[in-house]
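Below are the chains, spelled out letter by letter.
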Amino acid sequence: AEVEAYRQKCARLITPEQLAAAQGAAGGAAASTRRNQGKLISQAIDVYFKEHANAWSQEQMRRIRTACDLFVELMGDQAVGEVTRDHLRSYRDDVLPTVPAHENKIRLQRGTTSVSESIAAIKEEDWPRLSEGERLKRMQWLEQLFAWLAAEGWL
C-alpha cells in the first residue's frame, strides 16, 4: 500500500507534456526498430558501409565487406529482424568451416563464380579450408555489424 501511494505521488509530479514527450520518444524508437527489422540484411550492410566509409582503409573496407557479403550469400538475404543467434551460430559452426582457403584459385581452376559454387566443387576433396583465425576474424566483423545495427535501432 505504501509503495502504491508513493507511485501515485510520483505520477502526479509528471506533467502531461513530459508524459507525451516520453511516450513519443519511446514510440518513435519502437517504430524505427519495427521499420528497419523488415529490411534485408544486404540493405543494412549498405548503410553500415556508408556510415563507416571514412573510418577504414580501402583494403580493410574491402575485406570486411567481403566477409559481410559472404554471410548473405551463404545464409540468405533475410530480413534483419529474422537473423537470430542460432543463425549466427550455425554460420560459425556449420557453414563457415566449409569455406575453402584461397577460394579465388578454385574459381580459376574450376570456373566457379561464387563461394557457394566453390564449396560444392571441392566438397569431397581435401582442399584446405579457412583457418580458425580467419573464421574468428570474420565473425568479429559480423559481431561489429550487428552491434552497430542494435545501436542504430535496427534490432
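Remember, it's a predicted structure, so these values are computed and weren't measured experimentally.

Visitor: So what about the nonpolar core? Which residues, and what values?
Guide: Membership of the largest hydrophobic core comes to 32 residues, with the highest contact counts inside it found for Tyr91 and Leu149. If you list the elements that add at least two residues to this core, you get helix H3 (41-51), helix H4 (58-75), helix H5 (85-95), helix H7 (115-121) and helix H8 (132-151). Considering every element that reaches this core, the biggest residue donor is H4, with 9 residues. Excluding its chain neighbours within four sequence positions, the residues that come into contact with Leu149 are Ile41, Ala44, Val80, Trp154 and Leu155.

Visitor: Tell me about the side chain of Thr112, and please be specific about residues and values.
Guide: Summarising the element assignment, Thr112 is placed in the loop between helix H6 (103-110) and H7. Owing to a relative accessible area of 11%, Thr112 belongs among the buried residues under this scheme. A polar contact is formed between the side chain of Thr112 and the side chain of Ser118, at a distance of 2.7 Å. With residues near it in sequence (within four places) discarded, Thr112 still touches Glu103, Ile106, Arg107, Glu117, Ser118 and Ala121.

Visitor: Describe the packing of H4 against H5, with residues and values.
Guide: One can describe the packing of H4 onto H5 by two numbers: an axis separation of 11 Å at closest approach and a directional angle of 95°. With respect to their mutual orientation, H4 and H5 come out roughly perpendicular. Of H5, the residues touching H4 (which contributes Ala67, Leu70, Phe71, Leu74 and Met75) are His87, Leu88, Ser90, Tyr91 and Val95.

Visitor: Got a sec to walk through the packing of H4 against H8? Specific residues and values, please.
Guide: Interhelical geometry of H4 versus H8 gives an angle of 85° and a closest axis separation of 9 Å. Judged by the angle between their axes, H4 and H8 are roughly perpendicular. Contacts between H4 and H8 pair Arg63, Ile64, Ala67, Cys68, Leu70 and Phe71 from the former with Glu134, Lys137, Arg138, Trp141, Leu142, Leu145 and Phe146 from the latter. For the contact of H4 with H8, the per-class residue count stands at 9 nonpolar, no polar and 4 charged.

Visitor: With reference to specific residues and values, describe the packing of aromatic side chains.
Guide: Summed over all chains, the structure comprises 6 aromatic pairs. Here Tyr48 and Phe49 contribute two aromatic rings whose centre-to-centre distance is 5.4 Å and whose plane-to-plane angle is 90°, an arrangement assigned as edge-to-face. Each member of the pair, Tyr48 together with Phe49, is buried. Among the aromatic residues, those joined into a ring-pair cluster are Tyr48, Phe49, Trp56 and Trp148.

Visitor: Talk me through H3; I want residue IDs and the actual numbers.
Guide: Within the span of H3, buried status applies to Ile41, Ala44, Ile45, Tyr48 and Phe49. Taken end-on, H3 shows its buried residues confined to a sector of 130°, consistent with a single buried face. Where the residues of H3 are buried, they touch H4 and H8.

What counts and what doesn't
Residues numbered from 1 in each chain as written. Predicted model: local features only at pLDDT ≥ 70, side-chain atom pairs only at ≥ 80, totals over all residues. Heavy atoms only, no water. Core = buried A, V, L, I, M, F, W, Y, C linked by side-chain atoms within 4.5 Å. Buried < 20%, exposed > 50% of the residue type's maximum accessible area, 1.4 Å probe, protein only. Helix = DSSP H or I, 4+ residues; strand = E, 2+ residues; numbered from the N terminus. Contact = heavy atoms within 4.5 Å. Polar contact = N/O pair within 3.5 Å; in protein donor to acceptor, adjacent residues only side chain to side chain. Axes fitted to C-alpha atoms, helices over the stretch in contact; angles between N-to-C directions. Parallel < 35°, antiparallel > 145°, perpendicular 65-115°, else oblique. Nonpolar A, V, L, I, M, F, W, Y, C, P; charged D, E, K, R; others polar. Phe/Tyr/Trp six-rings, centres within 6.5 Å; stacked < 30°, edge-to-face > 60°. Arc of directions from axis to C-beta.

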